[in-house]
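What follows is the residue order along each chain.
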Number of protein chains: 2
Amino acid sequence: MIRVGILGYGNLGKGIESAITQNPDMELVAVFTRRNPESVVIRTEGVSVLHTDKLTEMTDKIDVLVLCGGSATDLPEQTPKYAKLFNVVDSFDTHARIPEHFAKVDEAAKEAGKIAIISVGWDPGMFSLNRLYGNVILPEGKDYTFWGKGVSQGHSDAIRRVEGVKNGKQYTIPVESALDAVRRGENPELTTRQKHIRECFVVAEEGADLERIEAEIKNMPNYFADYDTTVHFITEEELEKEHSGIPHGGFVLRSGVTGMNREHKHLIEYSLKLDSNPEFTASVITAYVRAAYRMNGEGMTGCKTVFDIPPAYLSAKSGEELRKCLL
Amino acid sequence: MIRVGILGYGNLGKGIESAITQNPDMELVAVFTRRNPESVVIRTEGVSVLHTDKLTEMTDKIDVLVLCGGSATDLPEQTPKYAKLFNVVDSFDTHARIPEHFAKVDEAAKEAGKIAIISVGWDPGMFSLNRLYGNVILPEGKDYTFWGKGVSQGHSDAIRRVEGVKNGKQYTIPVESALDAVRRGENPELTTRQKHIRECFVVAEEGADLERIEAEIKNMPNYFADYDTTVHFITEEELEKEHSGIPHGGFVLRSGVTGMNREHKHLIEYSLKLDSNPEFTASVITAYVRAAYRMNGEGMTGCKTVFDIPPAYLSAKSGEELRKCLL
């Protein structure tokens, strides 16, 4: 049994908890929180919630610790810190800061003789893998990544900061005609506006100036100004009823050519359609928990990403079984 | 530079030849053939065509030998044989016999201190990888593999063996409504007939009994009897003009659930649309040539499949570059 700990019990931590119930070779040892442990109620019977202070006492009871904090401030501090004590997996997703994060975590993990797998999930994660496989198979080609249809937490937060907005949710939606042009092998050059549209569902405060709110959202730099944005005003009840989920998904496409005269076109397409973004991310992480455990068991150490993990390490099945059933 | 040899100059060997021109860190050293080498004209200037007898003299001139023979009789003999002399990559695709092939090749490669990567291509190959990733991420779910639209060589050969048939080509086509049911998360149980249809383009000999030919094709056991098959009689000119390509492709889907109550559905879909089946297969193999070279350079030996190869080994880029650009 792989003994797993969870640090942080938000949506992602909850997703890890449920993913563990789907992997019979794993057991949840404890959930760690910076809050008062008594205030955190988890759903797995018989498992304790402990304060993060207790982590140092648990090094011989946990094989892999999953870090479920945010990329902005939690993980840059937590991953190097806990890679000194445990094999860890995180979902660090600030693409631009991955090299820096990798370097720090690598140093810590190597020193401690542990494995730390960073940036696991679907983007970065499965989408990255598909970009890599696409690039090596079709070296002469073009990459496309589309996100959605799905809820963007960052953009929903941005809406909620607008004066007069009580609540709101934003969906990122790929532009179907752009996707189709890529699929037809046209290799289009696409601007930001041509790739995604943004759809907002907004609950306004009573008496608020709706026109002003709509204009403010649509013109918000970075978040909305470069996109075709639609704004729908709805009631709190409608928001709760129709938009309380956290779906997401997207597409990675590689369009390329082969042949002595580059006369043949090929299209590789990978897509995800997810009812729950955090639960899917957690499911990917849980598979990499197994890889971390097995690689460290074989004496490997240091920081790894999805690029470094032989796919077979993700499965509880033996090499023989995998070759027989899935190859 | 990775020095590559090609054994066998059919469609796949030609595909490897052109793929090498797309990978600047590789050079083609020689093409080997069992035919009279003077009868084989290749397209890369300055590269020799040699008889397979010469292979034993070339062990210090070739880093990786790509075996481009057929799975029925060539590879079961060639791969264990040449894994004793070279790092090799093959595209052995008789799914049921992979375990046996693996065992023989593993023994030979380990004894010689070489790496042998078997069953590389898209199925087995990229499709296998996607089945594996899908299974480990969504352990509670269902797998679907659809092939096509594309030319099946085996079924085209079967048509051509029917009396009165001069020439013919068979397309395997996934049933769109079945694909859509999978995409909607319905997890259908699909029979052979419900998954694929078979479309045949047949050139009959003059005066042949077309009704008899059509009936014989449609009722052929294993090949056509379990499918809805359509037969079109066309002229040799039409066949040449409209059906001389070797396109293929297909879909791998994993449909599964997550959540404490398995309340959320997820769909992972991977698809290929290929103008040239052998050139795409060759492009996948060529990426794994690089992995074989690098893994053996690090002292690894034995038989491997796509499941055992860390994705980063497929790329000429460094780990730093990959993390920066593709993660």
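The structure under discussion appears in the preceding block.
These numbers come from a predicted model, not from an experiment. (Residues numbered from 1 in each chain as written. Chains lettered and ligands numbered in written order. Predicted model: local features only at pLDDT ≥ 70, side-chain atom pairs only at ≥ 80, totals over all residues. Heavy atoms only, no water.)

This brings us to the overall build of chain A. Along chain A, the regular secondary structure elements total 11 helices and 14 strands. Taking 2.2 N^0.38 as the reference for a compact globule, 327 residues should give roughly 20 Å; the C-alpha atoms of chain A span a radius of gyration of 22 Å, in line with that estimate. Taking all 327 residues of chain A together, 57% fall into the buried category. For chain A, the share of sequence-separated contacts (at least 6 apart) that also reach a separation of at least 24 residues comes to 68%. Accessible surface for chain A amounts to roughly 13700 Å². Of this, 47% is attributable to carbon and sulfur atoms. Positive and negative side-chain charges of chain A, numbering 38 and 48 respectively, have mean locations separated by a distance of 4 Å. (Helix = DSSP H or I, 4+ residues; strand = E, 2+ residues; numbered from the N terminus. Rg over C-alpha atoms; globule rule 2.2 N^0.38 Å. Buried < 20%, exposed > 50% of the residue type's maximum accessible area, 1.4 Å probe, protein only. Contact = heavy atoms within 4.5 Å. Areas by Shrake-Rupley, 256 points an atom, 1.4 Å probe, with all protein chains shown as cover. Lys, Arg positive; Asp, Glu negative; His and termini not counted. Charge placed at Lys NZ, Arg CZ, Asp CG, Glu CD.)

Let us now look at the sheet that holds strand S14 (residues 302-304) of chain B. Residue and element names in this part refer to chain B. Here seven strands make up an open sheet; going across it, the order is S3-S2-S1-S4-S5-S6-S14 and the pairing parallel. Every interior strand has two partners, whereas the edge strands, strand S3 (48-51) and S14, have only one. Mean inter-strand twist for the sheet, computed between neighbouring axes without regard to direction, equals 25 degrees. Examined bridge by bridge, strand S4 (residues 64-67) and strand S5 (residues 87-90) share four bridges and lie parallel to one another. When the sheet's bridge partners are listed, Leu67 is paired in S5 with Asp90. Where helix H3 (residues 98-112) meets the sheet, its contacts fall on S5, strand S6 (115-117) and S14, and the angle it forms with S14 comes to roughly 140 degrees. (Pairing = 2+ DSSP bridges. Axes fitted to C-alpha atoms, helices over the stretch in contact; angles between N-to-C directions.)

The subject of this paragraph is the pairing of strand S5 (residues 87-90) of chain A. If a strand is regular, its side chains alternate between the two faces of the sheet. All names here are of chain A. Of the two faces of S5, the one holding Asn87 and Val89 and the one holding Val88 and Asp90 are both buried throughout. In this view, the connection linking strand S4 (residues 64-67) to its parallel neighbour S5 by way of helix H2 (residues 74-82) has right-handed handedness. For the crossover from S5 across helix H3 (residues 98-112) to strand S6 (residues 115-117), the handedness is right-handed. (Right-handed = clockwise from strand over helix to strand, strands pointing away.)

Another point: helix H10 (residues 277-297) of chain B. Residue and element names in this part refer to chain B. Taking 1.5 Å per residue, 21 residues should reach 30 Å; H10 reaches 31 Å between its end C-alpha atoms and fits that length. With 18 of 21 residues buried, H10 is to be regarded as a mostly interior element. You can read the cap of H10 off the contacts: a side-chain oxygen lies 3.1 Å from the backbone nitrogen of Glu279, and it is on Ser276. (Expected span 1.5 Å × (residues − 1). Polar contact = N/O pair within 3.5 Å; in protein donor to acceptor, adjacent residues only side chain to side chain.)

As a further point, take the sheet that holds S5(A). By definition, the strands of a sheet pair up through backbone hydrogen bonds, in either a parallel or an antiparallel sense. All names here are of chain A. Spatially, S3-S2-S1-S4-S5-S6-S14 is the arrangement adopted by the seven strands of the open sheet, whose pairing is parallel. Because the sheet does not close on itself, it has two edges, and the strands there are strand S3 (48-51) and strand S14 (302-304). Averaged over all neighbouring strand pairs, the angle between strand axes comes to 25 degrees, with direction disregarded. Bridging between S5 and S6 involves two bridges; their strand directions are parallel. Bridged to Val89 within S6 is Ile117. Most of the contacts of H2 go to S4, to which it runs at about 175 degrees, and overall it touches strand S1 (2-7), S4 and S5. Helix H10 (residues 277-297) rests against S1, strand S2 (26-33), S4, S5, S6 and S14 of the sheet, and its axis sits at about 160 degrees to S6.

What follows deals with the relation of the copies chain A and chain B. Of the two same-sequence chains, chain A is brought onto chain B (RMSD 0.0 Å, axial shift 0.0 Å) by a rotation of 180 degrees. This pairing of chains is accounted for by a two-fold axis. Taken as a fraction of all interface residues of chain A, those also at the interface in chain B reach 100%, which identifies the copy contact as same-surface. (Least-squares fit on C-alpha atoms with pLDDT ≥ 70 in both.)

Okay, H3(A) next. All names here are of chain A. Look at H3: 21 Å from first C-alpha to last across 15 residues, which is about the 21 Å you get at 1.5 Å a residue. If you check which residues of H3 are buried, you get Ile98, His101, Phe102, Val105, Asp106, Ala108 and Ala109. A positive backbone phi angle near 70 degrees is found at Gly113, which sits one or two residues after H3.

With 152 residues, the main nonpolar core has Leu65(A), Tyr288(A), Leu65(B) and Tyr288(B) as its most contacted residues. Ignoring any residue separated from it by four or fewer positions in sequence, one finds Leu65(A) in contact with Gly5(A), Ile6(A), Leu7(A), Phe32(A), Leu55(A), Tyr82(A), Phe86(A), Asn87(A), Val88(A) and Val89(A). (Core = buried A, V, L, I, M, F, W, Y, C linked by side-chain atoms within 4.5 Å.)

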